[in-house]
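# Structural features, examined
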Amino acid sequence: MDLQLGNRIVVVTGASKGIGWACAEAFANAGARVVLVSRSQANLDTALARWPKSAPAPVAIAADLTRAEEAERMAAMAEEVGPVAILVNSAGAARRYAPADLDAAAWHDAMDAKFFSYIHAIDAVLKRMLGRGRGAIVNIIGMGGKVATPVHLPGGAANAALMLATVGLAAAFGPKGIRINAINPGATLTGRVQEGLKAESKMTGLSEAELLERNQARIPLGRLGTPEEIAQVALFLASERASYVTGAIVPMDGGSGAVI
């Protein structure tokens, strides 16, 4: 299927690793011109070194998206490449805590790391899209905002807020030609899984290996997802093949979250 992404300018935040990296690589392989965004210049350098030779060379921008002015600088630099057609938000990850370790700072940090890093990027890029009357935004959020888990409460709250923001902004700016959708990955094979297992191990006393086996057994499809699988859905949602899709929250958890 031709997703008609050739030469489109795509900004991917959190692009140096995990799901963000998989999305960046997938868009490049579809012919898009990708702008990689990460807080860490060192991580960007590593990503550039392993960038596929067959794909168009990306532009890399180091920016701390928890700060609105940094998001604005990032958007301005991305526009120097060309008019940004697509924003994929995958930056920011709230730490996981055993409930006994929670304090007010943990809740604030989660909102800064996940909610505001997305909102700042959306605000900076969206207003430029509005001037052109078209654009697509895909927010990689997470099932933690849909199903509460004890070790992911601050991050889950940030995810829930992002889901509401996604649907609300989609309704507000659909008439202006902007589509905004989200993907809610469940447990996915990234470094984040290990962090979650460590927190859960501390809380339960079970080994990380045993917890991973139990977690996979609870997933109807019998395994964790991969970043590449998430990226393929992001590709579709951002493309013209999904031209009548906006305000959608797509679960990708292997069927483990049996909720509407």
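What comes next concerns the included structure. (Residues numbered from 1 in each chain as written. Predicted model: local features only at pLDDT ≥ 70, side-chain atom pairs only at ≥ 80, totals over all residues. Heavy atoms only, no water.)

### Comments concerning the overall build of the chain
Summing up its helical and strand segments, the chain has 8 helices and 7 strands in all. In terms of C-alpha radius of gyration, the chain reaches 18 Å, essentially the compact-globule figure of 18 Å for 260 residues. Per-residue burial for the chain yields a buried fraction of 46% across its 260 residues. For the chain, the share of sequence-separated contacts (at least 6 apart) that also reach a separation of at least 24 residues comes to 74%. Accessible surface, the chain: about 11,900 Å² in total, of which carbon and sulfur atoms supply 56%. (Helix = DSSP H or I, 4+ residues; strand = E, 2+ residues; numbered from the N terminus. Rg over C-alpha atoms; globule rule 2.2 N^0.38 Å. Buried < 20%, exposed > 50% of the residue type's maximum accessible area, 1.4 Å probe, protein only. Contact = heavy atoms within 4.5 Å. Areas by Shrake-Rupley, 256 points an atom, 1.4 Å probe, with all protein chains shown as cover.)

### Quick look at the packing of helix α4 (residues 104–132) against helix α5 (residues 153–173)
Running from amino to carboxyl end, α4 crosses α5 at an angle of 20°, the nearest separation of the two axes being 8 Å. Taken together, α4 and α5 sit at an angle that is classed as roughly parallel. Of the two elements, α4 crosses α5, and the hand of that crossing is right-handed. In contact with Ala106, Trp107, Ala110, Met111, Lys114, Phe115, Tyr118, Ile119, Ile122, Leu126 and Leu130 of α4, α5 contributes Leu153, Pro154, Gly155, Ala157, Ala158, Asn159, Ala161, Leu162, Ala165, Leu169 and Phe173. Looking at side-chain class alone, the contact of α4 with α5 contains 19 nonpolar, 2 polar and 1 charged residues. (Axes fitted to C-alpha atoms, helices over the stretch in contact; angles between N-to-C directions. Parallel < 35°, antiparallel > 145°, perpendicular 65-115°, else oblique. Left-handed = near helix turned anticlockwise from the far one by under 90°. Nonpolar A, V, L, I, M, F, W, Y, C, P; charged D, E, K, R; others polar.)

### Examining the nonpolar core
By size, the foremost hydrophobic cluster in this structure holds 41 residues, and its most contacted members are Phe27, Ile86, Val88 and Ile140. Of the residues forming this core, the biggest block, 8 residues, is contributed by helix α1 (residues 18–29). Every residue in contact with Phe27, bar those within four places of it in the chain, is listed here: Leu5, Val10, Ala32, Val34, Ile86, Val88, Ala234, Leu235 and Ala238. (Core = buried A, V, L, I, M, F, W, Y, C linked by side-chain atoms within 4.5 Å.)

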